[in-house]
Amino acid sequence: MININITERKVMADDGREESLGTDDDSDQTGADGSLNNTMVEEGSTLMRRMEICVAEAEKRSGKNAVSMQETYTVYLIETRPMDAVAEGRNPAPDCLWRRYSEFELLRNYLIVTYPYIVVPPLPEKRAEFVWHKLSADNMDPDFVERRRVGLENFLLRVASHPVLSNDKILYYFLTEEHGWKEAVYETGFQAKADSRLRALSATFRVRNPDKCFMEMKHYSDELQSHTSQLLRARARVADRLYGVYKVHGNYGRVFSEWSAIEKEMGDGLQSAGHHMDAYAASIDDILEEEEHYADQLKEYLFYAEALRAVCRKHELTQFELEMASQDLISKKQQREELATGIVRTFSLKGMTNKLFGQEAPEQREARLKLLEDLIAEGEETVKEKTIERAEHVEKAWVDMQRFKEQKDKDLREALINYAVMQISMCKKGIQVWSNAKECFLKM
Amino acid sequence: MSISAPKGLASSGQKPITEILHPLSAAEEPLSPGPDVTVSGGRDKEVGLTNGTPVETPSPASASVLFNRLHLDDDLDPDTRDPYADTETHDLFVTVDDPKKHVSTMETYITYRVSTKTSRIEFDLPEYSVRRRYQDFDWLRTKLEDSQPTHLIPPLPEKFVMKGVVDRFSEEFVETRMKALDKFLKRVADHPVLSFNPHLNAFLSAKDLNKRQGLALLTKVGESVKSVAGGYKLRVRPPEFCALGEYLDTFNQKLGTIDRIAQRILKEQSEYLTELREYGTVYASWAGSEEELQRPLEGVAGCVTTCCGALEDMSENMSQDFLPVLREYILYIESMKNVLRKRDQSQAEYEGRLEAAVLRKQEDRTPIPAEVEKCQDKMECFNADLKADWERWQSNKRQDFKQLLTGMADKNVTYYEKCQAAWESLITVLQDKQTEDKTSETN
């Protein structure tokens, strides 16, 4: 039994009031006094995490896959430690387990099916895309694996600090139960829902009265997706070209060195300047590697856009189902009316056949009426359900979309600042190198 | 034939030798004494060498003169030598500027204003301003080459431009060409021997340059006749000239490489610029669909645009200032090689004639003809002039390349400084907004 101190968690309610939720039962309850509050870690928002989570390492494994073929894959080490232990300064060894990418995918699929009103954080990309040509597109490339490790950690942190998702049991097991987790996931029966969801996402259906805000949000998600992918592609092309510019300068290094050999007074200056040109050419590798981090931040929101869109589509689906159910109920009620009064208002095959072949016997009519009443009762239930489903989805999704919007604005602003910082650093390096070269030239 | 004042080049201008300092000497006396300078005794007619006449006129190739010339070379401290800054020896200032297009029925061409300021007595007026076209510069250079074959004549910018490829009247082309012409003329004006050439005088002062193309053609023919008439083969080139030749070959090669690298960089930068522009527009269009992020994104787009501008400026500068100078030096090397070849010719001719004369003397005691001595003089003159010009050229080359390369470094530093400033101002804007938000959050 994993023993983790669970301290009070505060959740931001819709109206901004903080309210405390009850603590879990399998914990050592610490007194709800002031000292407890000290163990809560504020993360800039008022969300709390029970545990410190990190994806510490990545390792290559070999094994047989589902079709009994030998394959090499990477596993990631997830380490967890109870937060209060950390806060108290104790440093217990972390609990850890290994997970591979496909397990993260499974977790995420479960989450998006189970919480269709939540913009679920995305995973880092499965395969390297938007690659500028010098960078490896190989999944086994250590730099890619490292960036993926960071991305997976980021995913876990985001999920674990989400007001809704962080409470999920399956998530908890993912972090704590190495074996038996998969069974638990499948036991939830989410697979069935997953299939229908996928179908629904790709289906085209016409919704009469979708919520305007959701439609705007859906439109926005398309824009976000389009812009981030455009930006990523443009950035990769720019990186490519910049690489070329820097590397060609390396040729100066060589030719200056050769030239210095035939010069007397100019020789030393030329030679040292040549070294600086070599340094300049070499500097681009680190610069561009660092920029990949910025690209990863953009990619996260590229994928986030998809998650946002899915929530909007879910709304459309619930709205559609409600409309369908309502429509169905209306038509059934109409049928009842027609049966009861004998007046045929709408065209129906039954009506036609009745006209052509004569009306049916009263017993049959009674039976049909009874059936209709049942169906109407059912239909009314369905409409009630669908109405509630739709309303719940709208309410919860709206909350999360607002949360997402704020997070996105904050994160992307920070990303842009970091990008500017990177650019400044690159400029400073450039100034340094060329000033050094100039010193050498002056000594010629 | 003793010269009392050992300083000075033999084949210098209309000045008496004694009054002319070696061009590379640290000048303690003014170079061009005024008209009231008395010529010291001991000077004879043979000193009256005039510039601009073919080299049949012998120079006093006595050992002492030769020695002194070379000796002075060694005296010089290379670090303090800066011919362009040495104003004491400068009394002839020339500038090429103010390009203007002339359209006539026959042709369209550009003329440049050539301004001269001088205190030299060879000139009637202290100032001149004339208009010249490229053809005129070409004429001058040809004349100088013909009349001063032992000297290195600075190169002109390329004569021929492919009409379809390069716009001969574009601002850039004219600007680049003008700078090169200005440099050419300045180099000639700074040269202690060439600057006294009467053709230069005519070029700078005459209202109408009567080129007499026909005569120019004749001279060219005469030149080739002269060089063919020798037909002597050089046996052994003195080691110092061998080293010179080797140096020139390697240097030429390296310059060619640098030229190619510079062009490649320009190309890469241009492609980078294209992508960068596109990149900036993506930020701007994204800004259109955002609220809170609109200003930051527009800010980034703005920064990228600024960087594009800075890059454009640098590339333009490199293309206009760096490349042409590089190319000019490649032409200069060609000139120098030509002079080397002519020197080789004169040595070959002398040795050939000497050998023939010695043989004849052995046969029938015919004395060595004066002609042979003339050849010797010519050769030794050549050697001396070449050496002096070589030193000069090396020194100029050093200054020129120092300037060229530091210029390149400066341009790069400026480019990065501009970019850095743009990004830094963006950060302050973005971070201000951040602290604004934080304070409103906590309130």
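The shown structure was predicted, so the numbers you read here are calculated from the model rather than taken from an experiment. (Residues numbered from 1 in each chain as written. Chains lettered and ligands numbered in written order. Predicted model: local features only at pLDDT ≥ 70, side-chain atom pairs only at ≥ 80, totals over all residues. Heavy atoms only, no water.)

Asks: Give a detailed account of the overall build of chain B, specifying residues and quantitative values.
Replies: A count of helices and strands for chain B gives eight helices and three strands. Of the regular secondary structure in chain B, the N- to C-terminal order runs α-β-β-β-α-α-α-α-α-α-α. Going through the 443 residues of chain B one by one, you find that 49% of them count as buried. When the accessible area of chain B is evaluated, it comes to approximately 22100 Å², of which 53% is carbon and sulfur surface. (Helix = DSSP H or I, 4+ residues; strand = E, 2+ residues; numbered from the N terminus. Buried < 20%, exposed > 50% of the residue type's maximum accessible area, 1.4 Å probe, protein only. Areas by Shrake-Rupley, 256 points an atom, 1.4 Å probe, with all protein chains shown as cover.)

Asks: Could you give an account of the pattern of salt bridges, naming the residues involved and the relevant values?
Replies: Counted according to the given criterion, the structure contains 60 salt bridges over all chains. Across the salt bridge formed by A:R336 and A:E373, the nearest N and O atoms sit 2.9 Å from each other. Here A:R336, found in helix α9 (residues 267–341), pairs with A:E373, found in helix α11 (residues 362–442); they are 37 residues apart in sequence, far enough to count as distant. What makes A:R336 partly exposed here is its relative accessible area of 24%. For A:E373, a relative accessible area of 34% corresponds to the partly exposed category. The salt bridge involving B:R237 is made with B:D344; its shortest N-O contact spans 2.6 Å. Taken together, the residues B:R237 in the loop between α5 (213–230) and α6 (239–287) and B:D344 in helix α7 (residues 294–364) connect sequence positions 107 residues apart. According to the relative accessible area criterion, B:D344 is buried, its value standing at 9%. (Salt bridge = Lys/Arg side-chain N within 4 Å of Asp/Glu carboxyl O.)

Asks: Tell me what's going on with the domain arrangement of chain A, and back it up with residues and numbers.
Replies: Residue and element names in this part refer to chain A. Assigned domains of chain A: these are domain 1 (1–194) and domain 2 (235–341 + 365–442). Each side of the interface is counted separately: domain 1 has 24 residues, and domain 2 has 30 residues. Linking domain 1 with domain 2 are five salt bridges. Where D411 meets R158, a salt bridge forms, and the shortest distance between an N and an O atom there is 2.8 Å. (Domains from an automatic or database assignment. Contact = heavy atoms within 4.5 Å.)

Asks: Can you lay out the packing of α6(B) against α7(B) for me, pointing to particular residues and giving the numbers?
Replies: Residues and elements named next belong to chain B. Contact geometry for α6 and α7: axes closest at 8 Å, N-to-C directions at 165°. Compared by their axis directions, α6 and α7 come out roughly antiparallel. Between α6 and α7 the crossing geometry is left-handed. Its residues assigned to classes, the contact of α6 with α7 shows 33 nonpolar, nine polar and nine charged. (Axes fitted to C-alpha atoms, helices over the stretch in contact; angles between N-to-C directions. Parallel < 35°, antiparallel > 145°, perpendicular 65-115°, else oblique. Left-handed = near helix turned anticlockwise from the far one by under 90°. Nonpolar A, V, L, I, M, F, W, Y, C, P; charged D, E, K, R; others polar.)

Asks: So what's going on with the nonpolar core? Which residues, and what values?
Replies: Core analysis: the largest hydrophobic core is formed by 155 residues, its most contacted members being A:Y252, A:F256, B:F322 and B:W393. At 21 residues, α7(B) tops the list of elements feeding residues into this core. No fewer than three residues from each of domain 1 (1–194) and domain 2 (235–341 + 365–442) of chain A sit in this core. Of all hydrophobic cores here, the second largest spans 28 residues; its members include B:V114, B:F137, B:L140 and B:V174. (Core = buried A, V, L, I, M, F, W, Y, C linked by side-chain atoms within 4.5 Å.)

Asks: Can you lay out the side chain of B:R120 for me, pointing to particular residues and giving the numbers?
Replies: All names here are of chain B. Tracing the backbone through its elements, the reader meets R120 in the loop between β2 (108–118) and β3 (127–133). Residue R120 is classed as buried on the basis of its relative accessible area, which comes to 7%. Side-chain polar atoms of R120 contact the side chain of S195, separated by 3.0 Å. (Polar contact = N/O pair within 3.5 Å; in protein donor to acceptor, adjacent residues only side chain to side chain.)

Asks: So what's going on with the interface of chain A and chain B? Residues and values would help.
Replies: Between chain A and chain B, the contact holds 56 residues from the first and 56 residues from the second. Across the chain A-chain B interface, the total number found is eight salt bridges. Between the two partners, chain A and chain B, sit 17 residue pairs in polar contact (both at pLDDT 80 or more). Sorting the residues of the side of chain A that touches chain B by element identifies α8 (212–260), α9 and α11 of chain A as the ones contributing at least two each. A total of 24 residues in the side of chain A that touches chain B trace back to one element, the largest contributor, which is α8(A). For the side of chain A that touches chain B, the residue count by class is 33 nonpolar, nine polar and 14 charged.

Asks: Explain helix α2 (residues 134–147) of chain B residue by residue, including any values.
Replies: For an α-helix, 3.6 residues make a turn, and residues three or four places apart therefore share a direction. Residues and elements named next belong to chain B. Relative to the 20 Å expected for 14 residues at 1.5 Å per residue, α2 spans 20 Å between its end C-alpha atoms, a close match to the ideal helical length. Of all 14 residues in α2, 12 are buried, a share of seventy percent or more. All of the buried residues along α2 are Y134, D136, F137, D138, W139, L140, R141, T142, K143, L144, D146 and S147. (Expected span 1.5 Å × (residues − 1).)

Asks: Summarise the environment of A:E290; cite the residues concerned and give the values.
Replies: All names here are of chain A. Looking at where E290 falls in the secondary structure, it is placed in helix α9. Looking at E290, the relative accessible area reads 43%, which means it is partly exposed. When the C-alpha positions of E290 and M422 are compared, they lie 7.9 Å apart, and in sequence the two are 132 residues distant.

Asks: Talk me through the confidence of the model for chain A; I want residue IDs and the actual numbers.
Replies: A low pLDDT means the predicted coordinates there should not be read in detail. Residue and element names in this part refer to chain A. Per-residue confidence for chain A gives a mean pLDDT of 82, with 83% of residues at or over 70. No element of chain A has a lower mean pLDDT than strand β1 (residues 10–12), at 29, and none a higher one than α8, at 95. In this model residues 1–48 is a low-confidence stretch, pLDDT under 50, and it forms 65 contacts with partners more than four residues away in sequence or in other chains. (pLDDT = per-residue confidence, 0-100.)

Asks: Go over the state of the cysteines with me, naming the residues and quoting the values.
Replies: Using the criterion set out here, one finds zero disulfides over all chains in the structure. Left unpaired, A:C213 is separated from the closest cysteine sulfur, that of A:C312, by 10 Å. Taking the relative accessible area as the measure of exposure, A:C213 reaches 35% and is therefore partly exposed. This cysteine, B:C381, is not joined by any disulfide, and B:C375 carries the nearest cysteine sulfur, 13 Å off. (Disulfide = S-S within 2.5 Å.)

Asks: Can you tell me about the packing of aromatic side chains, naming the residues and giving the values?
Replies: All chains considered together, the criterion is met by 35 aromatic pairs over all chains. Centre to centre, the rings of A:F214 and A:W398 are 6.3 Å apart; their planes meet at 50°, and the pair counts as tilted. With A:F214 in helix α8 and A:W398 in helix α11, this residue pair connects regions lying 184 residues apart in the sequence. A relative accessible area of 1% means that A:F214 is categorised as buried. When the ring centre of B:Y134 is taken as origin, the NZ or CZ atom of B:R177, which lies over that ring, is 4.0 Å away. (Phe/Tyr/Trp six-rings, centres within 6.5 Å; stacked < 30°, edge-to-face > 60°. Lys NZ or Arg CZ within 6 Å of the ring centre and 35° of its normal.)

Asks: How would you sum up the side chain of B:N197? Please name residues and give values.
Replies: All names here are of chain B. Structurally, N197 is set in the loop between α3 (171–190) and α4 (198–205). Assessed through its relative accessible area of 0%, N197 is described here as buried. At 2.9 Å, the side chain of N197 forms a polar contact with the side chain of S147.

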